[in-house]
Amino acid sequence: MAYAQRATRFWRANAGKRVLINPSSNLTSTAAPPPPTDLALPDFKAVLSDATGDALRTQGYAVVDGAFGETWAHCLRDDIITLAERRQLGRNQTHIVAAGETRLLEKDRIFEAELTAPRAEAPFLTRLWAAAALRERLSALLGRTLGRQTLKVQVNGGGGACFPLHFDSDPLLDDRVVTCIVYLNPDWAPGHGGELRLVPFPYAAATVDPRFDRLALFSSPDLLHRVLPSARARALPHALVLRERARGRARRGRGTSGPPATATTQWRRRSATRPCAATWRSVWPDWVRSIEESHAPSAARDAAVATHAADVRRIDAALARRGVDPAAVAARLPLSREDVAIDWFR
């Protein structure tokens, strides 16, 4: 525990200058002893109950507190800080595809790295990346064969840094099934920001506080989500992201993803039903606002907003031809699981 709770500080690029991230006030400044290399992995059979699997299937997401335990959570956080100290985190970018071209839109103060091989300087992240226990437990809960996984770490620099609304995968392009995020913020408090906003439409949206050792799981291709603006750097998500993938060909699931396609393409792929199209239409104001909040002013951001506005006009025209009033449909939302039952992982 002494290793896990050592005081940490590191420099991180923020708004064109280096910003010192101070240690939490409840941590000591003593030198760290050797890491506990014999620390056992969490028992994910106990952590992820049958109720977790039921929540994933019926509402598209689940939240588990105390998922890794205090020591493991501190060790994972420490590994991420080490990567940041060594400048091994790059800037996150939104990929926007329109008219067959991809534009990269850099996010403000969001830094990340993906583990693709063992990293000696990050032993606990490496162990988690190599272990099959979490993947096997989710396979059992969802009745799917989850054959491989990727691991990404992210640091939010605060100062309003956030993510726009998006989906994590496109079943026509890749085979990601479940996204798992563990939050590693020992001093997070209400008002710090950085909450995870989940939009499992047509159900009601939910907000998840990024509390220490909290695990959020959700459908990668079908759960619309974003990260709300973060007010403080040192208290905001040092987030570990696990993406589970199914073997073989990409599947065509309930829907598709956000970033790789335009709004019109997403709507056509997701469903031919009129309520679904109108539901999509109802989230566009929030979607555009999230783009503006997540990226600094630029020609690329303006182009992204213009593309979304054009897509909304196309959807409105298509709905009008079918005699559907988006406002009337939106007035009926959100629906409950009694109104419509969805298996998010069928």
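Please read these numbers as outputs of a predicted model, since none were measured by experiment.

(A) Molecular detail of the overall build of the protein chain. Of regular secondary structure, the protein chain possesses ten helices and 13 strands. Of the roughly 15,000 Å² of accessible surface on the protein chain, a fraction of 50% belongs to carbon and sulfur atoms.

(B) Representation of the sheet that holds strand 12 (residues 224–230). In spatial order, the strands read 7-12-9-10; together these four strands make up an open sheet with antiparallel pairing. Looking at which strands have only one partner, the edges of the open sheet turn out to be strand 7 (161–166) and strand 10 (206–208). Across this sheet, the average inter-strand angle for adjacent strands is 25°, counted without regard to direction. Sitting on the sheet, helix 8 (residues 284–294) is in contact with strand 7 and strand 12, with an inclination near 150° to strand 7.

(C) Quick peek at the side chain of Glu195. Within the secondary structure, Glu195 sits in the loop between strand 8 (176–183) and strand 9 (196–199). If we skip the residues at most four places from it in the chain, Glu195 touches Trp188, Thr207, Val208, Asp209, Pro210, Arg226, Val227 and Leu228.

(D) Region of the structure containing the confidence of the model for the protein chain. Looking at the protein chain, the pLDDT average stands at 77 and 74% of residues meet or exceed 70. Across residues 1–32, where pLDDT falls below 50, the model places 74 contacts with residues more than four positions away in sequence or in other chains. In the model, residues 246–275 has pLDDT below 50 throughout and makes 96 contacts with residues more than four positions away in sequence or in other chains.

(E) Broad picture of unusual backbone geometry. In this structure, Pro202 follows Phe201 across a cis peptide bond, with omega equal to 20°. The omega torsion of the bond from Leu333 to Pro334 falls at 0°, within 30 degrees of zero and hence cis. Mapped onto the elements of the fold, Pro334 is located in the segment after helix 10 (326–330). Residues other than glycine seldom take positive phi values, yet Arg87 does so here, at roughly 55°.

(F) Molecular detail of the packing of aromatic side chains. According to the stated counting rule, one finds five aromatic pairs in the structure shown. With 5.4 Å between their ring centres and 85° between their planes, Trp72 and Phe124 make a pair best called edge-to-face. One end of the pair, Trp72, is in helix 3 (residues 70–85); the other, Phe124, is in helix 4 (residues 123–130), and 52 residues separate them in sequence. Relative accessible area serves as the criterion here: at 3%, Trp72 is assigned to the buried category. By relative accessible area, which is 2% here, Phe124 ends up buried. Counting every residue linked through ring pairs, the aromatic cluster contains Phe167, Trp284 and Trp287.

(G) Geometry of the pattern of salt bridges. Summed over all chains, the structure comprises eleven salt bridges. Among the ionic pairs, Arg226 bridges to Glu293, the shortest N-O distance being 2.9 Å. Here Arg226, found in strand 12, pairs with Glu293, found in helix 8; they are 67 residues apart in sequence, far enough to count as distant. Between Asp286 and Arg289 there is a salt bridge; the shortest N-O distance is 2.2 Å. Residue Asp286 and its partner Arg289 are both found in helix 8; the two are separated by three residues, about one turn of the helix. Taking relative accessible area as the criterion, Asp286 reaches 38% and is therefore assigned partly exposed. Note on Arg289: relative accessible area 40%, which makes it partly exposed.

(H) Quick peek at helix 5 (residues 133–142). The element helix 5 is largely enclosed, with a buried count of seven among its ten residues. Every buried residue of helix 5 is listed here: Leu134, Arg135, Arg137, Leu138, Ser139, Leu141 and Leu142. Phi for Gly143, located one or two positions after helix 5, is positive at around 65°.

(I) Focus on the packing of helix 3 against helix 4. The N-to-C vectors of helix 3 and helix 4 enclose an angle of 110°; their axes lie 7 Å apart at closest approach. Overall, the two elements helix 3 and helix 4 adopt an arrangement that is roughly perpendicular. Contact residues: Trp72, Cys75, Leu76, Asp79, Ile80 and Leu83 in helix 3; Pro123, Phe124, Leu125, Arg127 and Leu128 in helix 4. Class assignment for the residues of the contact of helix 3 with helix 4 results in nine nonpolar, no polar and two charged.

(J) A look at helix 9 (residues 299–321). Counted at 1.5 Å a residue, the expected span for helix 9 with its 23 residues is 33 Å, and the 33 Å between its end C-alpha atoms agrees. Of the positions making up helix 9, those classed as buried are Arg301, Ala304, Val305, Thr307, His308, Ala310, Asp311, Val312, Ile315, Ala318 and Leu319. One or two positions beyond helix 9, positive phi appears at Gly323, with a value near 70°.

What counts as what
- Residues numbered from 1 in each chain as written.
- Predicted model: local features only at pLDDT ≥ 70, side-chain atom pairs only at ≥ 80, totals over all residues.
- Heavy atoms only, no water.
- Helix = DSSP H or I, 4+ residues; strand = E, 2+ residues; numbered from the N terminus.
- Areas by Shrake-Rupley, 256 points an atom, 1.4 Å probe, with all protein chains shown as cover.
- Pairing = 2+ DSSP bridges.
- Axes fitted to C-alpha atoms, helices over the stretch in contact; angles between N-to-C directions.
- Contact = heavy atoms within 4.5 Å.
- pLDDT = per-residue confidence, 0-100.
- Phe/Tyr/Trp six-rings, centres within 6.5 Å; stacked < 30°, edge-to-face > 60°.
- Buried < 20%, exposed > 50% of the residue type's maximum accessible area, 1.4 Å probe, protein only.
- Salt bridge = Lys/Arg side-chain N within 4 Å of Asp/Glu carboxyl O.
- Parallel < 35°, antiparallel > 145°, perpendicular 65-115°, else oblique.
- Nonpolar A, V, L, I, M, F, W, Y, C, P; charged D, E, K, R; others polar.
- Expected span 1.5 Å × (residues − 1).

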